[in-house]
Structure formats: C-alpha cells, structure tokens
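Remarks on the overall topology
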Amino acid sequence: MSRLVVISEGLAGLAHELGTHWITIGRGDKNAFQIVETSISSQHCEVLLRGNELVVRDLRSTNGTFIGGKTVSEAVLQPGQILRLGQVELRLEISATAPPPPPAVAPAAVNVPGPAQAKKIGPKGETSKTYRLLFVDDSMAFLEMVIDLFGSQEDKSWEIHTATSPDKALAILQQKLIDLVVLDIGMPLLDGIQLLGLIHKRYPNIKKVVLTGETDDSHRAACLANGAELYLLKPGDEEGWRLIFNMLTSLLRWEDRDDYSSTLSEAGLYNVIQLECVAGNSSVLEVRNQQTAGEIYIEGGTIIHAAAGKLVGEKAFHLLLSLTDGEFRLIPFQAPPERTVQSPWESLLTQAVRVQEKESYSGDDDDTILITKKRPAAKTTAPAPPLPAAAGKPAVTSPPSAPQPTPTPEAKEPPPKPTPAESPRPNASRTAAGMDFITLEEMVKADTTLIAKPDSQGRSSDEPKK
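From a predicted model like this one, the values you see are computed outputs, not experimental measurements.

Definitions and limits used
Residue numbering note: each chain is counted from 1, following its sequence as written. Totals for whole chains, interfaces and linings use all residues, but because this is a predicted model, local features are given only for residues with pLDDT of at least 70 and pairs of side-chain atoms are given and counted only at 80 or more. Side-chain numbers come from the whole structure's heavy atoms, not from hydrogens or water. The helix count covers DSSP runs of H or I at least four residues long, the strand count covers runs of E at least two residues long, and both are numbered beginning at the N terminus. Buried residues are those whose accessible area, probed at 1.4 Å on protein chains only, stays under 20% of the maximum for their type, while exposed residues exceed 50% and partly exposed ones sit between those limits. By the convention used here, residues are in contact when the closest approach between their heavy atoms is within 4.5 Å. In this analysis, strands are considered paired if DSSP registers two or more bridges between them. Between rings of Phe, Tyr and Trp, where Trp is taken as its six-membered ring, a pair exists when centres lie within 6.5 Å; planes separated by under 30 degrees are stacked, by over 60 edge-to-face, and by other angles tilted. Only lysine NZ and arginine CZ atoms are considered, and such an atom sits over a ring when it is within 6 Å of the ring centre and within 35 degrees of the ring normal. In the analysis that follows, any N or O atom pair within 3.5 Å is treated as a polar contact, provided that within protein one partner can donate a hydrogen and the other can accept it, and provided that, for residues neighboring in sequence, both atoms belong to side chains. Note on geometry: axes are C-alpha line fits, over the in-contact stretch for helices, and angles between N-to-C directions span 0 to 180 degrees. Nine residue types can take part in a nonpolar core, namely buried Ala, Val, Leu, Ile, Met, Phe, Trp, Tyr and Cys, and a core is a set of them joined through side-chain atoms within 4.5 Å. Only protein atoms enter the 1 Å grid used here, on which a cavity is any set of points holding a 1.4 Å probe that cannot leave and a pocket is any open set flanked by protein within 12 Å on both sides along at least five of seven lines; residues with an atom within 4 Å of a point are listed as lining. Grid points are joined across faces, edges and corners, and a volume is the space filled by probe spheres set on the points. Note on residue categories: nonpolar means Ala, Val, Leu, Ile, Met, Phe, Trp, Tyr, Cys or Pro, charged means Asp, Glu, Lys or Arg, and polar means any other residue, Gly included. Every residue carries a pLDDT, the predictor's confidence in it, which falls somewhere between 0 and 100. The scheme is simple: roughly parallel for angles under 35 degrees, roughly antiparallel for over 145, roughly perpendicular for 65 to 115, oblique for anything else. Handedness of a crossing is defined here by the sense of rotation of the near helix relative to the far one, left-handed for an anticlockwise turn of less than a right angle and right-handed for a clockwise turn.

1. A closer look at the overall build of the chain
When its secondary structure is counted, the chain shows nine helices and 24 strands. Sorting the 466 residues of the chain into buried and exposed places 39% on the buried side. For the chain, contacts bridging at least 24 residues in sequence account for 63% of all contacts bridging at least 6.

2. A word on the pairing of strand β18 (residues 283-288)
The buried count for β18 comes to five of six residues, which makes it a mostly enclosed element. Two elements, β18 and strand β19 (residues 293-299), share six bridges in a ladder whose sense is antiparallel. Note that in β19 the partner of Glu-286 across the bridge is Glu-295. Adjacent in sequence and paired antiparallel, β18 and β19 are bridged by four residues. Where β18 meets strand β22 (residues 327-332), six bridges bridge the pair, whose relative direction is antiparallel.

3. Examining the packing of aromatic side chains
Two numbers describe a pair of aromatic rings. These are the distance of the centres and the angle of the planes. Per the counting criterion, the structure on display carries seven aromatic pairs. One aromatic cluster in this structure is built from Phe-135, Phe-142, Phe-150, Trp-158, Trp-241 and Phe-245. Over the face of the ring belonging to Phe-66 we find Arg-84, whose NZ or CZ atom lies 4.0 Å from the ring centre. Across the ring face of Phe-142, the terminal group of Lys-234 is positioned such that the distance to the ring centre comes to 4.2 Å.

4. Points about helix α3 (residues 192-202)
Every α-helix carries 3.6 residues per turn, so stepping three or four residues along brings you back to the same face. Every buried residue of α3 is listed here: Gly-192, Ile-193, Leu-195, Leu-196, Gly-197 and Ile-199. In this fold, the buried residues of α3 make contact with β12 (131-136), α2 (166-175), β14 (180-183), β15 (207-212) and α4 (217-225). Its side-chain oxygen 3.0 Å from the backbone nitrogen of Ile-193, Asp-191 forms the N-cap of α3.

5. Looking at the sheet that holds strand β16 (residues 230-233)
Here we have five strands laid out as an open sheet, ordered β13-β12-β14-β15-β16, and parallel in their pairing. Single-partner strands in this sheet number two, and they are β13 (158-163) and β16. Across the sheet, the axes of successive neighbouring strands diverge by a mean angle of 20°, strand direction being ignored. Relative to β15, β14 is paired through four bridges, and the arrangement is parallel. By the bridge assignment, Val-182 is partnered in β15 with Val-209. Against the sheet, α2 contacts β12, β13 and β14, and its axis sits at roughly 140° relative to β13.

6. Some points on the sheet that holds strand β2 (residues 15-17)
Spatial ordering of the open sheet is given by β2-β1-β11-β10-β7-β8, a layout of six strands whose pairing is antiparallel. With one partner strand each, in any of the chains shown, β2 and β8 (70-71) form the two edges of the open sheet.

7. Observations concerning the pairing of β14
What you see with β14 is no split at all: Leu-180 and Val-182 on one side and Val-181 and Leu-183 on the other are buried throughout. Examined bridge by bridge, β12 and β14 share four bridges and lie parallel to one another. In the strand pairing of β14, Leu-134 is matched with Val-181.

8. Some thoughts on the nonpolar core
The biggest cluster of nonpolar side chains holds 31 residues, and the ones touching the most others in it are Phe-135, Phe-150, Trp-158, Leu-180, Val-209, Leu-232 and Leu-248. Taken together, the elements giving at least two residues each to this core come down to β12, α1 (140-150), β13, β14, β15, β16 and α5 (238-253). Within the second largest apolar cluster, 25 residues are counted, among which are Leu-269, Val-272, Leu-321 and Val-341.

9. Section: the layout of surface pockets
Roughly 1,000 Å³ of internal volume is contained in the second largest pocket. Contributing to the lining of the second largest pocket are 36 residues, with Lys-30, Asn-31, Gln-43, Gly-213 and Lys-234 lying nearest its centre. Breaking the lining of the second largest pocket down by element, the ones donating at least two residues are β3 (23-26), α1 and α5. At five residues, the largest contribution of residues to the lining of the second largest pocket is made by α1. Among the residues forming the lining of the second largest pocket, the class breakdown is twelve nonpolar, 14 polar and ten charged.

10. Let's talk about the confidence of the model for the chain
For the chain, per-residue confidence averages 74 on the pLDDT scale, and 65% of positions sit at 70 or higher. Across the chain, the secondary-structure element scoring lowest on mean pLDDT is strand β23 (residues 368-373), at 36, and the one scoring highest is strand β20 (residues 302-308), at 95. Throughout residues 362-381 the model reports pLDDT below 50, and contacts reaching past four residues in sequence, or to other chains, amount to 40 contacts. In the predicted structure, residues 460-466 sits below a pLDDT of 50 and forms nine contacts with residues beyond four places in sequence or in another chain.

11. Some thoughts on the packing of α2 against α3
Orientation of α2 relative to α3, taken along the N-to-C sense of each, is 15°, at an axis distance of 11 Å. Put simply, α2 runs roughly parallel to α3. When you trace α2 past α3, the crossing you get is right-handed. On α3, the residues that touch Pro-166, Leu-170 and Leu-173 of α2 are Leu-195, Leu-198, Ile-199 and Arg-202.

Listed below in structure tokens is the structure:
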C-alpha cells in the first residue's frame, strides 16, 4: 500500500496510507491525515494518489505548500520528490503493487444520480421533481464526499453539480438552470461572500445557502445581507449531514419568495419555523387563509412577536400554527410594533403541538368564551327563569311546555338572580382571572358551549345559568 510519510525530526515515522479518494491534511482533527504542528494550517492541503504519482492541492494555507522548494497551488508529486507543508517535510512511498489510477475527477458540471444500492441519506417519501444543486468549494475531498452522500438517492431528487472556483461556478450558472447554490466562504481569488453577492445580483431567484466551517458572526451577517437564505456550519458526523440534507430539501420545496411561497398543505408551518430558527435567521412569516391572516416575527432565530386578528403573542402563534389550509410566505425582517413572545422557540413549537391535540382554535377566538357546564344544555329554547318570590308569596314561573315538578321552598339551589354578580368591565381583556379552574377529566365529562361576545352591558344574549 502506498503511503505518505513524514520525515521531519520530531514527527518522523508519522504516515498515512493512500487510497483512491481525496484526503485532506492539516492540523485539525477533522482531516483524514492529521499532523499537529504549528506551521501547518487547520486544513492545509488535499492529495489524491493517481497511479505512481500524487496530486497535491493547496487549500489556502498560511505557510504554503511546496514541491521541490517551489510554492504550488496545484501540482503533481513524483516519487523521490519532497513535499513540504509549512516546515514539515513528507515523502511519497509507492508500494510494489500500486492501486489502479482512479477515474478522472468529475468535471465542474456533472449529474451524479448514483446507483440505487448505494448508501442513501434523505427524508422518507418520494418527490416528483428533480432539483439541480451546485456545490461550490475549493476542496475536492469535500465535493467528493458530497457526491458520495447525496448523489445516490433512489428517488433521484437531486442532480448535483460541483465547482472548485468562482469562475467555474459562474460558468455552470450560465449553462444550467440551477435551483440552489451551496457555497463555502473560503475561496481562491474571489472569496465566498463576494461570490454570493455576485450570484444574488445576477440570479436573484436562485436560492443560496452558505455551508462553511467559519463561526464568525460578522461573516454570518454579511452572508445573510448578500442574499443567503441559510448560513450553516459543516457537520462532523453522518447525523449532522442528514440534517443538512433535510434542511436543503425543505428549502428547495418552497416556492419563489416573491409570491406566497407554499400552501400549508404542502409544508407545515412547524417545519418552516424550525428551519428559520435553527439557522438563526431574521424574517417575517406571513400566514393567511379565507378566515385568518397573521404574522410571526423571527429575529436571529428567536420568535419575538405573533399577531392574528385581535390576538397577539402566544395565543396568536398557536392559532396560526393550527391552520391546515391557506398559504404562507417569508419576507425580509422588519421590527414588529411590539414584542409579545418571550418563550424559546423549542417550547413554543412543543406547546403548539399539544394545543392542536387538545383544542381547535377559531379566528373569532377573540369574541368567544369557552365555558363548561355539568348538565347538558337542552336543544330547544329553555323556559324563562322564575321571577324572584315576593315576601310571603310563592315564586311565579312561566307556563311549562311539558309537565314540570313544582318548585318547593326546600329546594337546595335558589333561583338565579336576574342581574350579574359582578359589574361589567367592557374595556378589560378577557383572561382566566376570576374563573374556577377545572381538571382535564372534568372538562372532558362536562358539556361545552360557545357563548357569543357580551354586549356593551357585559351581558350575552345566550348567557347560561350558573
């Protein structure tokens, strides 16, 4: 087996076996060949064994990559030559039976559907549309991994194109109808942020995602300002890549943001909000159907306000998430008139699911009170309540429609009073204050009635007896 062996003092004997795939070399622990030495960059270069020679590509290292004492960006290392990374020297050792040369590197634009039996990463279900994705990264090892992970789906929902430089990426965009561009920040000549802005200016309708190892907040803000829908960090394990695949697929399935992006039946608001919050985005989610219209404000991945009709805060949020028909769209963020939501988005979504399982929200929820009664209400019009009895005289009742037992003075419950016990509060918002709380079992057993909004006197035309 051919190897790349370190020959510098202090690290002598450190080696890595070479195969038919690109491998990265660097100080970071995510590299296939890790060399912990201060002159070597976190991700210094990448190499590929091709017959009896080694293809070497520098990955914008700080201290440079050298072959035969000359700085190289991409070159071929022959047996007997010395490869120097920073201050560390390495030598290529070729085995007697070297592996056959790998196939030529995929060109900048390649459709890679992959065999059906290959490893699949992706959500369940099938899609009827094939999406064209362009991955732009200066690392061939990364692009090769993307093809291996995402290019072998059974449903062929992704058509993957790759580019290792900005000029190759722009050439592909001129030749192909691309649905989504996924690019890294670190690029040769033109950096990723500049390339992102250029793509956004030339192709504003193409969705753009930054996938990088940079965690700098200023880079994230710059990318979102230059048209990126998402700013994601490169994961380090398979589960992380599965999440990336699902998020990119969800983004692809949204329609153009210039119009209402999707119907609620195609993509649930739960997934859309989760995607925005996980990505740390700032946006306004407009939701509407024939009865209800509202907005959910998300700032830096935090839900700060929701409004739907006369409802605001968490009540409005739960109402909007309960809708099953209608449509939504994402628009650029603008400050809300007030901040009415303080809970974390995770707990808000969890609570919304519980609310949907227990209750059904109405667009007129602001004008309706849900009350419970221990006895079921009669379907026919109830007889008028008995008038209060005068001193020394029995109570007078209206003629019953059917024989009714005559009230006796020994009745345990006195007849209801014609006036409410409390003075009305026309300007106060209706809350649970002053109401008796009941258990879930009592609520299930009890009969529920929707009472119309009280009039200006605080009375309801259909007010039940206590």
